[in-house]
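Here is how the chains run, residue by residue.
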Amino acid sequence: MFKRLFALALTFGMAATAPPAFAQNCAQREHVITKLQDSYSEQLVFGGLQKTRGAQSVMEVWTSEETGSYTVLVTHANGMSCIVAVGTDFFEAIPKIKVEGTPS
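Here the structure is a predicted model, which means the values were calculated and not measured. (Residues numbered from 1 in each chain as written. Predicted model: local features only at pLDDT ≥ 70, side-chain atom pairs only at ≥ 80, totals over all residues. Heavy atoms only, no water.)

### Re the overall build of the protein chain
Helix and strand counts for the protein chain stand at 2 helices and 5 strands. Looking at the 104 residues of the protein chain, the share that counts as buried comes to 19%. In the protein chain, once contacts between residues fewer than 6 apart in sequence are set aside, the share between residues at least 24 apart is 33%. About 8600 Å² of surface is accessible on the protein chain, with carbon and sulfur atoms providing 61% of the total. (Helix = DSSP H or I, 4+ residues; strand = E, 2+ residues; numbered from the N terminus. Buried < 20%, exposed > 50% of the residue type's maximum accessible area, 1.4 Å probe, protein only. Contact = heavy atoms within 4.5 Å. Areas by Shrake-Rupley, 256 points an atom, 1.4 Å probe, with all protein chains shown as cover.)

### Regarding the packing of aromatic side chains
For the coordinates displayed, the defined rule picks out 1 aromatic pair. Ring geometry for Y70 and F90: centres 6.0 Å apart, planes at 50°, overall tilted. Separated by 20 residues along the polypeptide, Y70 in strand β4 (residues 70-75) and F90 in the segment after β5 (80-87) bring together distant segments of the chain. (Phe/Tyr/Trp six-rings, centres within 6.5 Å; stacked < 30°, edge-to-face > 60°.)

### Quick word on helix α2 (residues 29-40)
Taking 1.5 Å of rise per residue, the 12 residues of α2 would be expected to cover 16 Å, and the 16 Å separating its terminal C-alpha atoms lies within 8% of that figure. Looking at the buried positions of α2, the neighbouring elements they touch are β1 (26-28), β3 (55-63), β4 and β5. Just past α2, the residue S41 takes up positive phi, approximately 55°. (Expected span 1.5 Å × (residues − 1).)

### Digging into the sheet that holds β4
Here we have 5 strands laid out as an open sheet, ordered β1-β5-β4-β3-β2, and antiparallel in their pairing. Of all the strands in the sheet, just β1 and β2 (43-52) have a single pairing partner and so form its edges. Each strand axis lies, on average, 30° off the axis of its neighbour in the sheet, ignoring direction. Relative to β5, β4 runs antiparallel, the two being bridged by 6 bridges. Within β5, the position partnered with V72 by the bridge is A85. Across the face of the sheet, α2 comes into contact with β1, β2, β3, β4 and β5 while running at roughly 105° to β1. (Pairing = 2+ DSSP bridges. Axes fitted to C-alpha atoms, helices over the stretch in contact; angles between N-to-C directions.)

### Let's talk about the nonpolar core
Residues A27, V32, I33, L36, W62 and L73 constitute the largest nonpolar core, which totals 6 residues. With 3 residues, the top contributor of residues to this core is α2. (Core = buried A, V, L, I, M, F, W, Y, C linked by side-chain atoms within 4.5 Å.)

### Examining the state of the cysteines
A covalent bond between the sulfur atoms of two cysteines is what we call a disulfide. Under the criterion given, the structure shown has 1 disulfide. The partner cysteine of C26 in its disulfide is C82, sulfur to sulfur 2.0 Å. The disulfide joining C26 to C82 has a torsion of about 110° about its S-S bond and is therefore right-handed. Within this pair, whereas C26 is found in strand β1, its partner C82 is found in strand β5, the two being separated by 56 residues in sequence. Relative accessible area serves as the criterion here: at 9%, C82 is assigned to the buried category. (Disulfide = S-S within 2.5 Å.)

See the structure below:
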């Protein structure tokens, strides 16, 4: 039992400290944006500032209504953008409408 727990902890510890696989998916922002627009028909949907390790970066989500694809992009102050997630079947959550009145 102890060996299994130790092996599991060691495996997850190594995975947590390993360099991120998405580090290879970085380029100048202009290049990444052009690729997203031209090749995938994606447009910027929303974004915001993100504080990471004492610095600020911009996190953006790009989507395509045509294909349903999406890309999560993080841009650092030096102009480098890194793709941190991609996927398909993007959807927008529609908030429930509260009906005024007395519940039945």
